[in-house]
Amino acid sequence: MSNEPGREQWASRLGFILAAMGSAVGLGNVWRFSYVTGENGGAAFLLIYMAFIIIIGIPIIMAEFTIGRKAQSDAVGSFEKLAPGKPWKVAGLLGVAAAFLILSFYGVIAGWITYYFTNYLTGTLWSAPAEGYESFFISFITNPTKPFFWQFLFMALTVAIVFVGVKKGIERSNKILMPLLGVLLIVLSIYSLTLGGAQKGLAFLFTPDWTALTDPNIYLAALGQAFFSLSLGMGALITYGSYLSNQERLPGAAVSVAVLDTSFAIVAGLMIFPAVFALGMDPASGPGLVFMVMPDVFDSIGFGGIFGLLFFFLLAAAALSSSVSLLEVAVAYFIRKFSWSRQKASLIIGSIIFVIGIPSSLGQGVLSDIQIIGGRDILDSIDFIASNIFLPLGGLIIALFMGWGFKKADALRDSDFGETTLGHIWLFLIKFVAPIFIFLVFLSSIGLFN
Ligand code: PFF
């Protein structure tokens, strides 16, 4: 496929893998994974989540990489190029819509993280504030104006990186900060296991309550979490794959991204849940879980403020490399579609997404009476629609496109599998297993199976 004029390429082979990993590892692994696992009962959820990663996630990562590299275009353009005049590009359009929605609330949560980082920087949170950590958190997120500043700051950083361009922006910082975050999470999880809640925490995470498997909600939540955490189903990995030349071996890259991402989530779980039980908190406390648990943990360590500082700094950095990939999906599309410059596209789209995020922020406080989907507040509802519906639906279409819209020989060649057993297993998963499972999860969650 010919390259569109002015498109970038990754500077190195490692650059692509690092960027894909940087996209995958983010708030989804720590903030979202912990509270969604907590709300869905722990081990049974984790089991389904991991099964979905293997039979649905990895095959679709491969499909996105393959499509992107072959087409050398954005989430929508890739489908237009490979299948002109066919309706497959709805997957890309859904993806661009999902990028707007996800980044809108991602910016809000990342803003909270940034706020916590600065509070560790100034020392405010080194010991418990008079009202306690929990009330501190609640009074911050319910404040009608304060969170905007941090959301704005975080979005401005995201725009600045995308403005300069993918290649220069992301490759460097990921190389250092992501491994550091990994090490910190491991250290914190070892510490957390000494706090007295280890037994309960481990049981919660690894001993499934089998009766939970009859609850269709768990499957939808696990599917959404798998897609969200892997940055899957919205063309982020198509877009990143499109900046790739032919030297990369895709299957190795796909498996590395999935293994790394899942390891981050599990370690985060090992850090949070023992502490949750040691502190006598409810694992199902919702999106505030990390913010309410971790400061207490840091407080219990001598000079723990240093850990708090590092934790929120590295998490903000991880969030940034994910938010950059979210914005990049929309920006890459607008650059091609409307011939905008990268600068214009990042500024305009970044601003629009910031504004769309405002109700999510207000929904914690002044607009908390507004509930949209099944008792969820505004932020949760947007997250639900984007992550649990749009991403798996996009993934379903991508799987069908790869499995049925490609000739078998082409799919095997373009994915670098060649005529191997693994290649055939992948095709089987992408043609049948992934689409059928996604479809069944959707069906069961509208109540047809129970
Ligand atoms: N995977 C990111 C995380 O776990 O924080 C979030 C994300 C990034 C989702 C990019 C989707 C996406 F396209």
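Throughout what follows, the structure given in this document is the object of discussion.

The rules behind the values
Position labels on residues start from 1 in each chain and follow its written sequence. Reporting of local features is limited, given that this is a predicted model, to residues whose pLDDT is at least 70; pairs of side-chain atoms are given and counted only at 80 or more, and all residues count toward the totals for whole chains, interfaces and linings. Remark: hydrogens and water are excluded; side-chain values derive from all non-hydrogen atoms of the structure. Proximity is defined per residue: any heavy atom of the residue falling within 4 Å of a molecule or strand makes that residue near it. As used in this structure description, the phrase polar contact means that two N or O atoms lie within 3.5 Å; if the pair is within protein, one of them must be able to donate a hydrogen and the other to accept it, and residues adjacent in sequence are counted only when both atoms belong to side chains. Note on areas: Shrake-Rupley with a 1.4 Å probe; residue coverage comes only from the protein chains shown. Going along the chain from the N terminus, every DSSP run of H or I of four or more residues is numbered as a helix, and every run of E of two or more is numbered as a strand. The term salt bridge refers to a pairing of a side-chain nitrogen on Lys or Arg with a carboxyl oxygen on Asp or Glu at a separation within 4 Å. Using a 1.4 Å probe on the protein chains alone, a residue whose accessible area is under 20% of its type maximum counts as buried, one over 50% counts as exposed, and one in between counts as partly exposed. To form a nonpolar core, buried Ala, Val, Leu, Ile, Met, Phe, Trp, Tyr and Cys residues must be joined to one another through side-chain atoms within 4.5 Å. Two residues qualify as a contact provided that any one of their heavy atoms is within 4.5 Å of a heavy atom in the partner residue. Cavities and pockets were defined on a 1 Å grid built over protein atoms only: a cavity is a set of grid points that admits a 1.4 Å probe from which the probe cannot escape, a pocket is an open set flanked by protein on both sides within 12 Å along at least five of seven lines, and lining residues are those with an atom within 4 Å of any such point. Grid points are joined across faces, edges and corners, and a volume is the space filled by probe spheres set on the points. Only Asp, Glu, Lys and Arg are considered charged in this grouping, and only Ala, Val, Leu, Ile, Met, Phe, Trp, Tyr, Cys and Pro are considered nonpolar; every other residue, Gly among them, is considered polar. Inter-axis angles, ranging from 0 to 180 degrees, are taken between N-to-C directions of lines fitted to C-alpha atoms, where helices are fitted over the stretch in contact. Each angle gets one of four labels, with under 35 degrees taken as roughly parallel, over 145 as roughly antiparallel, 65 to 115 as roughly perpendicular, and the rest as oblique. It is the rotation of the near helix from the far one that decides the hand of a crossing: anticlockwise by less than a right angle makes it left-handed, clockwise makes it right-handed.

Turning to the site of the ligand, a few remarks are in order. The environment of the ligand is formed by 15 residues, the closest being A24, G28, Y106, F228 and M234. The separation between an oxygen atom of the ligand and a polar main-chain atom of G28 is 2.7 Å. A distance of 2.4 Å separates an oxygen atom of the ligand from a polar atom in the side chain of Y106. Taking 340 Å² as the accessible area of the ligand by itself, protein coverage stands at 100%. Breaking the shell around the ligand down by element, the ones donating at least two residues are α1 (13-24), α2 (27-39), α10 (216-229) and α14 (304-338).

Attention shifts here to the pattern of salt bridges. Where charged atoms of side chains with opposite charge meet at close range, the side chains can pair. Summed over all chains, the structure comprises nine salt bridges. In this structure, R336 engages D74 in a salt bridge whose closest nitrogen and oxygen atoms are separated by 2.4 Å. Separated by 262 residues along the polypeptide, R336 in helix α14 and D74 in the loop between α3 (43-71) and α4 (77-82) bring together distant segments of the chain. The partner of R413 in a salt bridge is D414, with the nearest N and O atoms 3.2 Å apart. Its relative accessible area of 12% is what places D414 among the buried residues. In this structure, a network of salt bridges that share partners links the residues K70, D410, R413 and D414.

On to the nonpolar core. Counting 158 residues, the largest nonpolar core has I60, F65, M294 and F311 as the members making the most contacts within it. Here the element with the most residues in this core is helix α5 (residues 90-121); it accounts for 19 residues. Beyond its immediate stretch of four places on either side in the chain, F311 contacts V30, L184, L185, L188, M271, V290, M294 and F298.

This part covers the layout of surface pockets. If a probe as big as a water molecule is rolled over the atoms, it shows which places are left empty. Here the largest pocket defines a volume of roughly 340 Å³. Lining the largest pocket we find 14 residues, and of these E39, A221, R376, F384 and N388 sit closest to its centre. The residue inventory of the lining of the largest pocket, partitioned by class, reads five nonpolar, four polar and five charged.

Attention now goes to the side chain of S325. Along the chain, S325 falls in helix α14. Accessibility expressed as a relative area gives 3% for S325, which makes it buried. Looking at S325, its side chain comes within polar contact range of the main-chain oxygen of S322, at 2.7 Å. Setting aside its immediate chain neighbours within four residues, S325 contacts S23, A236 and Y240.

Closest axis-to-axis distance for the α3/helix α18 (residues 421-445) pair is 9 Å, and the angle between their directions is 120°. Here α18 runs oblique to α3, going by the angle between their axes. Here α3 and α18 pass one another in a crossing that is left-handed. Facing α3, whose interface residues are F52, I55, I56, P59, I60, M62, A63 and T66, α18 presents W426, L429, I430, V433, A434, F437, I438 and V441. In the contact of α3 with α18, the residues fall into 15 nonpolar, one polar and no charged.

By themselves, these observations are geometric and do not establish any function.
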